[in-house]
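# Structural overview
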Amino acid sequence: MMKLIIKCSDINHPARPTHLHKRWCQLIQEEFFQQGDQGASLGLPVSRWVDRAKSNPKDIAKGNCGFIHFIVQPLFKIMETRIKNPQFSKIITINLAHWQKTASRLNMK
């Protein structure tokens with residue numbers, strides 16, 4: 001149970017109000033870009049998720065959808081069975097819908 005609590009603490013930003021979640025996403029994406037910049041400066045191959053030049057808002061939105069859907073939601077559903085707080089799922093669902101709407105809007109462009 002402690003491992004689950006620690007992991008959920010590590011990835012909790014999708015369970016925060018959307019304005020805070022979006023800010024954390026920006027900070028984390030910038031950290032990823034800095035890792036890509038450093039790798040590129042060392043001549044290492046850089047994946048598109050951390051490549052500032054190749055990344056685009058649509059991919060970032062889709063990546064956030066996948067992160068929430070496949071990692072965050074399942075872990076927090078387990079957590080909710082232990083602490084009986086459905087608030088997590090409500091907020092996570094709202095944030096997932098935000099990224100799905102964003103990805104959909106960007107697909108139309």
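Cut-offs and rules
- Residues numbered from 1 in each chain as written.
- Predicted model: local features only at pLDDT ≥ 70, side-chain atom pairs only at ≥ 80, totals over all residues.
- Heavy atoms only, no water.
- Axes fitted to C-alpha atoms, helices over the stretch in contact; angles between N-to-C directions.
- Helix = DSSP H or I, 4+ residues; strand = E, 2+ residues; numbered from the N terminus.
- Parallel < 35°, antiparallel > 145°, perpendicular 65-115°, else oblique.
- Left-handed = near helix turned anticlockwise from the far one by under 90°.
- Contact = heavy atoms within 4.5 Å.
- Nonpolar A, V, L, I, M, F, W, Y, C, P; charged D, E, K, R; others polar.
- Phe/Tyr/Trp six-rings, centres within 6.5 Å; stacked < 30°, edge-to-face > 60°.
- Buried < 20%, exposed > 50% of the residue type's maximum accessible area, 1.4 Å probe, protein only.
- Lys NZ or Arg CZ within 6 Å of the ring centre and 35° of its normal.
- Core = buried A, V, L, I, M, F, W, Y, C linked by side-chain atoms within 4.5 Å.
- Patch = residues over 30% accessible without salt bridge, like charges linked within 9 Å, V, L, I, M, F, W, Y side chains within 5 Å.
- Areas by Shrake-Rupley, 256 points an atom, 1.4 Å probe, with all protein chains shown as cover.
- Salt bridge = Lys/Arg side-chain N within 4 Å of Asp/Glu carboxyl O.

## Focus: the packing of helix α1 (residues 2–10) against helix α3 (residues 57–83)
Running from N to C, α1 and α3 cross one another at 130°; their axes reach a closest spacing of 10 Å. It follows from the interaxial angle that α1 and α3 lie oblique. Judged by the sense of rotation from one axis to the other, the crossing of α1 with α3 is left-handed. Contact residues: Leu4, Ile5, Lys7 and Cys8 in α1; Leu75, Phe76, Ile78 and Met79 in α3. The residue inventory of the contact of α1 with α3, partitioned by class, reads 7 nonpolar, no polar and 1 charged.

## Here's the deal with the packing of aromatic side chains
Taken as a whole and judged by the stated rule, the model has 1 aromatic pair. Between Phe76 and Phe88 the ring centres are 5.2 Å apart and the planes differ by 65°, which places this aromatic pair in the edge-to-face class. In this pair, Phe76 is assigned in helix α3 and Phe88 in helix α4 (residues 87–107), connecting sequence segments 12 residues apart. A relative accessible area of 22% means that Phe88 is categorised as partly exposed. The ring of Trp49 has Arg48 sitting right over it, with the charged end atom 4.6 Å from the ring centre.

## Some remarks on the nonpolar core
Cys8, Ile68, Val72, Phe76, Ile92 and Trp99 are the most contacted members of the largest nonpolar core, which totals 15 residues. For this core, the elements supplying multiple residues, two or more each, are α1, α3 and α4. With 6 residues, α3 is the largest single contributor of residues to this core.

## A look at the packing of α3 against α4
Here α3 crosses α4 at 165°, and the two axes come no closer than 9 Å. The angle between the axes of α3 and α4 places the two elements in the roughly antiparallel class. At the point where α3 passes α4, the crossing takes the left-handed sense. Here the contact of α3 with α4 is built from residues that sort into 13 nonpolar, 9 polar and 4 charged.

## Let's talk about a nonpolar patch on the surface
Judged by side-chain polarity, Met1, Met2, Ile5, Ile6 and Ile83 come together as a nonpolar surface patch covering roughly 480 Å² of accessible area. By residue number, the principal contributor to the nonpolar patch is α1, which donates 3 residues. By the element assignment, Ile5 lies in helix α1. We classify Ile5 as partly exposed; its relative accessible area is 31%.

## Notes on the side chain of Gln29
In this fold, Gln29 is placed in helix α2 (residues 18–41). Accessibility expressed as a relative area gives 14% for Gln29, which makes it buried. In this view, Gln29 contacts Trp49 and Ile60; residues no more than four positions away in its chain are not counted.

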